[in-house]
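Residues per chain are reported as follows:
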Amino acid sequence: MSRAILYDSTLCIGCKACETACASRWGLPYDDKIAAEERISAHKLTAIETHGDKFSRRLCMNCAQPACASVCPVGAIRKTTLGPVVYDAAKCMGCRYCMQACPFQVPSYEWSSRLPRMRKCDMCYERQSHGQLTACAEACPVGATRNGDRDDLVREAQKRIADNPSGYYPKIYGISEAGGTSVLYLSAVPFEQIGLRTNVPQAALPETTWRVLELVPDIVSTGTVLLGGIWWITNRRAEVAKAEGKTGKGRHK
């Protein structure tokens, strides 16, 4: 069973309860200044956008076959069977290939941090793993954001369109974009009018990204290997130091 999020722009009132809940879930700061930022960033993993008299919402699409995971050379990003695409900062070496590969321009980097990480929504993987709703869906007071089984949400979206054809643009965004995503959208107007990218490929991107990477000059590939080696050595030193520390304690008993 793959989980997903259905966002219905026609129901959204722009209250930003989803933003508040997301910030609380991640332990991120949230004040009036951050609330006014209508873009996702390393300190704001979901954002409500205003498009005239309509609202939209930005967050990681948690693709069915994520390009970000396919280009990560150290396996720091992976797709779970539950649906979310998760990130392990302990494995990340900071190459930022994920930022280049994402067709939705989602991953953000903590440029000002001494120990920077990539940041993105993981669709509340831990919460969903324990049978809970995503924080944003739980907080939405009008049902504009729903969380559940993807197939069920697709059927629900189709029913809404069928029941109210004059109120919806006749398509569900996320069904086939980039091979399909775990975040689905409904809108009263064409999706580009609420800020969604409509020029993304309909096919899954991992195969394409690997074809592109095959064309990268050898010097870049060599650089990647060197970076990977440095990353491994640094972590190996830390592991050895930790082990020696434990051994040292044992000798002094």
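Scroll up to find the structure.
Below you will find a few notes about this structure. (Residues numbered from 1 in each chain as written. Predicted model: local features only at pLDDT ≥ 70, side-chain atom pairs only at ≥ 80, totals over all residues. Heavy atoms only, no water.)

Before going further, it helps to examine the sheet that holds strand β1 (residues 3-8). The strands making up a sheet associate through hydrogen bonds between their backbones, and the pairing can be parallel or antiparallel. Pairing within the open sheet is mixed, and its three strands lie in the order β8-β1-β9. For this open sheet the edge positions go to β8 (145-149) and β9 (183-186), each flanked by a neighbour on one side alone. Pairs of neighbouring strands in the sheet enclose a mean axial angle of 25 degrees, with direction left out of account. Sheet contacts for helix α7 (residues 150-163): β1, β8 and β9; angle to β8, the most-contacted strand, approximately 130 degrees. (Pairing = 2+ DSSP bridges. Helix = DSSP H or I, 4+ residues; strand = E, 2+ residues; numbered from the N terminus. Axes fitted to C-alpha atoms, helices over the stretch in contact; angles between N-to-C directions. Contact = heavy atoms within 4.5 Å.)

Of the pairings in the sheet, the one linking strand β2 (residues 47-51) to strand β3 (residues 54-58) comprises five bridges and is antiparallel in character. By the bridge assignment, His51 is partnered in β3 with Lys54. The antiparallel hairpin formed by β2 and β3 contains two residues in its connecting segment, where Gly52 sits at a positive phi of about 65 degrees.

The next subject is α7. Taking 1.5 Å per residue as the helical rise, α7 with its 14 residues ought to reach 20 Å, and the 20 Å between its terminal C-alpha atoms agrees with that figure. Of all the residues in α7, the buried ones are Arg150, Leu153, Val154, Ala157, Arg160 and Ile161. Viewed end-on, α7 has its buried residues packed into an arc of 125 degrees, placing them on one side of the element. Seen from the buried face of α7, the exposed residues on the opposite side, beyond 90 degrees, are Ala162 and Asp163. The N-cap residue of α7 is Asp149: its side-chain oxygen and the backbone nitrogen of Asp151 are 3.2 Å apart. (Expected span 1.5 Å × (residues − 1). Buried < 20%, exposed > 50% of the residue type's maximum accessible area, 1.4 Å probe, protein only. Arc of directions from axis to C-beta. Polar contact = N/O pair within 3.5 Å; in protein donor to acceptor, adjacent residues only side chain to side chain.)

Turning our eyes to something else, we now look at the layout of surface pockets. Volume-wise, the largest pocket comes out at about 330 Å³. Forming the walls of the largest pocket are 18 residues, and the residues nearest its centre are Trp26, Val86, Tyr87, Asp88 and Asp122. Only α1 (17-26), β5 (85-87), β7 (118-119) and α5 (125-129) provide two or more residues apiece to the lining of the largest pocket. Tallied by class, residues from the lining of the largest pocket come to eight nonpolar, one polar and nine charged. Each pocket or cavity is described by its volume, and for the second largest pocket that value is around 210 Å³. Forming the walls of the second largest pocket are Tyr87, Ala89, Cys92, Met93, Gly94, Tyr109, Arg114, Leu115, Pro116 and Arg117. Classifying every residue of the lining of the second largest pocket gives seven nonpolar, one polar and two charged. (1 Å grid on protein atoms, 1.4 Å probe; cavity = no way out; pocket = protein on both sides within 12 Å on 5 of 7 lines; lining within 4 Å. Points joined across faces, edges and corners; volume = space filled by probe spheres on them. Nonpolar A, V, L, I, M, F, W, Y, C, P; charged D, E, K, R; others polar.)

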